[in-house]
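As a plain string of letters, each chain reads:
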Amino acid sequence: MTAPILQFTDIGKVFPGVVALADVSMDLGRGEIRALMGENGAGKSTLLKILAGEYRPDSGALAVDGRAVAFNGPRDSASAGIAIIHQELHLAPDMSVADNLLLGAYPGRLGLVDGRAVRARARAILARLGEDIDPDAKVKTLPIGKRQMVEIGKALLRDAAIIAFDEPTSSLSARETETLMRIIRDLKADGRAILYVSHRMEEVFALCDSVSILRDGRHVATYPDMRQTDPDHLIAQMAGRTIADVYGYQSRELGPVSLELSGVTGPGVKQPVSLSARRGEILGFFGLVGAGRSELFKLIYGATPLASGTISLDGEPRRFATPRHAIAAGLGLCPEDRKDEGIFKLAAVRENITITRRNMETAPLIRRQEESGRAEKLIGSMRVKTASADTAIGTLSGGNQQKAILARWLDADARFLLMDEPTRGIDIGARSEIYALMYRLAAEGKTLLVASSDMPEVMGVADRIVVMRDGAIAGVLTREEATPNELLRLALPDGKPVGAAVRI
Amino acid sequence: MMTQMMLAFRRYSAIGPLLVLLVLFACLALFVPDFAGARNMRGLILSVSLVGTVTTTMMLVLALREVDLSVGSIVALAGVLCAVVISDTGSVALGIGAGLLGGTMVGLFNGVVVAKLKINSLIATLATMEIVRGLAFLVSGGQAVSIPREDFYVLGSGALLGINYPIWIAILCFVIFGVVLNKTVFGKNVLAIGGNPEAARLAGVPVDRVRITVFALQGFVAALAGIVLAARITSGQPNTSLGLELAVISACVLGGVSLLGGIASIGGVLIGVLIMGAAQNALNLLDVPTFYQYVVRGGILLFAVIVDSARQNRWTPASFLKAR
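Residues numbered from 1 in each chain as written. Chains lettered and ligands numbered in written order. Predicted model: local features only at pLDDT ≥ 70, side-chain atom pairs only at ≥ 80, totals over all residues.

In this section: the overall build of chain B. Across its full length, chain B holds 15 helices and 4 strands. Here chain B has a C-alpha radius of gyration of 20 Å; the compact-globule value for 324 residues is 20 Å, and the two agree. Per-residue burial for chain B yields a buried fraction of 51% across its 324 residues. For chain B, the share of sequence-separated contacts (at least 6 apart) that also reach a separation of at least 24 residues comes to 81%. (Helix = DSSP H or I, 4+ residues; strand = E, 2+ residues; numbered from the N terminus. Rg over C-alpha atoms; globule rule 2.2 N^0.38 Å. Buried ≥ 20, exposed ≤ 12 C-beta atoms within 10 Å, placed from the backbone. Contact = placed C-beta atoms within 7 Å.)

This is the structure we're talking about:
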């Protein structure tokens, strides 16, 4: 193999309370497809953001083509020949494919755009991708797979020598995935270097030449040849422990049925959903992105209006016009997007905990001492790591923010907890603590509904698993029935697993 | 560590404005003749009582991540309503009641449009600013309406313990809304909604109710200020207080209230009002022509907004590049 085109040397990056990357070194050669694997929070996205020029490393060096580079922003990264294909695509949906391809590099003179040249160049690039896409079509009219091709076209147009893909197949169909893999192989044949971030073992083993593994911000291992490893070995490397250790599942005595949905539909939930959960039960919800899990939770919680159906709590039918009504009935939601829907980042941890209960009581004045006492007790019992109750919650790590939101619902005495992606972006140590809290709450007789796109997590913590697909229930599995294959068979649109979506 | 400090800085945002105020007062006392005299100070404080009264509720509106441009028009409408009703009925109480009711209704309307119809408050209150100004002209017939009641003037010119009533009313508003902001569930909810509206809704905060109440309070307080102003100038003037909303918003922002919502302090707002008043007062003492005063006022506003923006930590080189 020739000299590496991309070199990370001892890269380190620290965020408040979290070491995101520590001494990460790896090389990437021309014509190499390198898989980058690691569990959530292992540092993959931080490394990609450093590559993209969005973050500056706190220590270490980055070299392209043997020359040290320091990026002050995404433009520097782009001009060094690096392109990142993000999970969420960065395209202008209302502009044409040709405009999106050439945006920022319009041919023409004196500030006038030469429309004919734009289309001609766009067509040439699309032909090179072997894709049948109309350059005049608006991007928003294209299916997601084709939009991704447009994004790759942009990278080609800039003649990027290093292209990083961040979980590119997470929202692609099986056919689109095949097309993508063909194109990536073409890029490799061109001599470009590919960094391929994915959780899907099958894809990684089919496509990649080599693999690097990150764990807790550290580089664990690089295998220059995929034959040196296998999926089980990689999973063990990523987790650094066996799955049972992480989840520590504890079985419980279940009480009577406490929550019952019958025929529930609404925005994002197309087919009537009927199910029940018991006191002390942890009911898992699995499905692909957009399967309707979050939407169902919002319906139950009164955050979006129910189109039809009924929700019963302890046998009594209830109707929640707003989240306030649901909270008054004993529900609590830990939202999927903690930053935008959960926390008040400038406010103290204490305020973030007590906000709900004080809004459910009628006293107009804040009883500061009483609130502080309650908040501090919860911070202690839930092991929220914070300098004090008055620290702004925005400075805490994701795991501690999540614990504070759970504390909010304990403070408000919620009996039904809807937890949407409870450990997204949370490092592994804090995740185990959150699972332990979940078992504790269930053991106290609360009913927990837990949605996750992280298959091992659902399998690890849930007593039963509801699999959703395309806004409907595809099946309900007991703990014994829930194998990865069965979950995927139910969750995938065509009923055929593409590759095991393995996340620990 | 950096983030910790930034957050601390953003939470205790009144320290910066206090320094600015102290430096400004020291400079003016040194270099502007008559500035530091007791007589001038009384005049200064009386002159900011109108803006000061209205800022106390504008603070809540901005903390809510909203804005209310209609306050100047409400001041005019309330004064005119009060004047017309007093001249027609001869009852001061009815006049004051009519003015307060009118202003509160306008505020309530603003609140419902913003909260229920989900209209951007900048646009919604720009519309009511025009509508209400028009109503003020319609009610008054386009003319100043004189108020033939000496006992009403007391509200504007009378004094208690050597302090004029308009100042007492401003002080009362500062005390009340300071308590509201810091000690009540309502005040904390205002900050929560301004900080993260969706999180507030999901945490059980009655978001719509809080929004409507804040706008209604703003209408009530602007009307109160308008009635006091009418008493000071002994008439209801339909064209009074043009541009008041800008002075009020400037004072709030100078006092560390974030235009992005979620951050406010009553002490900061008081300081902002005094900075505005001191600058205006000094320009008058120095006989600077009015035309320049516009330039200075605009400059102060721009300065305040730039400081606000810098405080939001949006000016790192990386974020600048990202924004492009």
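Residue and element names in this part refer to chain A. Parsing chain A into structural domains produces domain 1 (6–240), domain 2 (241–330 + 415–504) and domain 3 (346–410). Relative placement of domain 2 and domain 3: their C-alpha centres are 25 Å apart. Each side of the interface is counted separately: domain 2 has 12 residues, and domain 3 has 12 residues. For the side of domain 2 that touches domain 3, the elements supplying multiple residues, two or more each, are helix H11 (323–328) and helix H16 (428–443). Here the side of domain 2 that touches domain 3 takes 5 residues from H16, the largest share from any one element. Taken together, the residues of the side of domain 2 that touches domain 3 break down into 8 nonpolar, 1 polar and 3 charged. (Domains from an automatic or database assignment. Nonpolar A, V, L, I, M, F, W, Y, C, P; charged D, E, K, R; others polar.)

Once that is clear, we can look at the packing of helix H8 (residues 165–183) of chain B against helix H11 (residues 207–233) of chain B. Residue and element names in this part refer to chain B. One can describe the packing of H8 onto H11 by two numbers: an axis separation of 11 Å at closest approach and a directional angle of 170°. Taken together, H8 and H11 sit at an angle that is classed as roughly antiparallel. Contacts from Pro166, Ile169 and Cys173 in H8 reach Val221, Leu224, Val228 and Arg232 in H11. In terms of residue class, the contact of H8 with H11 is built from 6 nonpolar, no polar and 1 charged. (Axes fitted to C-alpha atoms, helices over the stretch in contact; angles between N-to-C directions. Parallel < 35°, antiparallel > 145°, perpendicular 65-115°, else oblique.)

This part covers the interface of chain A and chain B. Contacts between chain A and chain B engage 32 residues on the former and 28 residues on the latter. Of all elements in the fold, only helix H2 (74–79), H11, helix H12 (338–342) and helix H13 (349–360) of chain A reach the threshold of two or more residues within the side of chain A that touches chain B. Ranked by the residues each element gives to the side of chain A that touches chain B, the list is headed by H13(A), at 6 residues. Considering only residue class, the side of chain A that touches chain B consists of 17 nonpolar, 7 polar and 8 charged.

The pairing of strands in a sheet happens through backbone hydrogen bonds and is either parallel or antiparallel. Residue and element names in this part refer to chain A. In spatial order, the strands read S6-S9-S10-S3-S11-S12; together these 6 strands make up an open sheet with mixed pairing. Unpaired on one side and paired on the other, strand S6 (82–85) and strand S12 (218–223) mark the two borders of the sheet. Strand-to-strand twist in this sheet, taken as the mean axis angle between neighbours without regard to direction, amounts to 20°. As defined by bridge partners, strand S9 (residues 162–166) adjoins strand S10 (residues 193–197) across 5 bridges and the pair is classed as parallel. Considered in S10, the bridge of Ile162 is made with Ala193. Sitting on the sheet, helix H8 (residues 231–239) is in contact with strand S3 (33–37), strand S11 (210–215) and S12, with an inclination near 30° to S11. (Pairing = 2+ DSSP bridges.)

A few words now on the confidence of the model for chain B. Residue and element names in this part refer to chain B. Residue-level pLDDT values for chain B average 86, and 90% of them are 70 or greater. Here residues 5–12 is a poorly scored stretch, pLDDT under 50, and it has 11 contacts once near neighbours within four places are set aside; other chains count. On the interface metric, ipTM, the complex scores 0.79, and its pTM is 0.74. (pLDDT = per-residue confidence, 0-100.)

Moving on to the pairing of S6(A). Residues and elements named next belong to chain A. Here S6 shows two buried faces, one formed by Ile82 and Ile84 and the other by Ala83 and Ile85. Sheet topology places S6 next to S9; 4 bridges connect them, and they run parallel. Counterpart to Ile85 in the pairing with S9 is Phe165.

Moving on: the sheet that holds strand S13 (residues 257–266) of chain A. Residues and elements named next belong to chain A. Read across the open sheet, the 4 strands follow the order S14-S13-S16-S17; overall the sheet is antiparallel. Of all strands in the sheet, those bounded by a partner on one side alone are strand S14 (269–278) and strand S17 (316–318). Between one strand axis and the next, the sheet turns by 20° as a mean value, whatever way the strands run. Judged from the 5 bridges that link them, S13 and strand S16 (residues 308–313) form a sheet pairing that is antiparallel. Bridge pairing links Leu259 to Leu313 in S16. The strands touched by helix H10 (residues 293–300) within the sheet are S13, S14 and S16, with S14 carrying the most contacts at an inclination of about 70°.

A few words on the environment of Pro17(B). Residues and elements named next belong to chain B. Within the fold, Pro17 resides in helix H2 (residues 15–31). The buried category is assigned to Pro17, around which 25 C-beta atoms lie within 10 Å. Excluding its chain neighbours within four sequence positions, the residues that come into contact with Pro17 are Leu254, Gly255, Gly256, Gly268, Ile271, Gly272 and Ile275.

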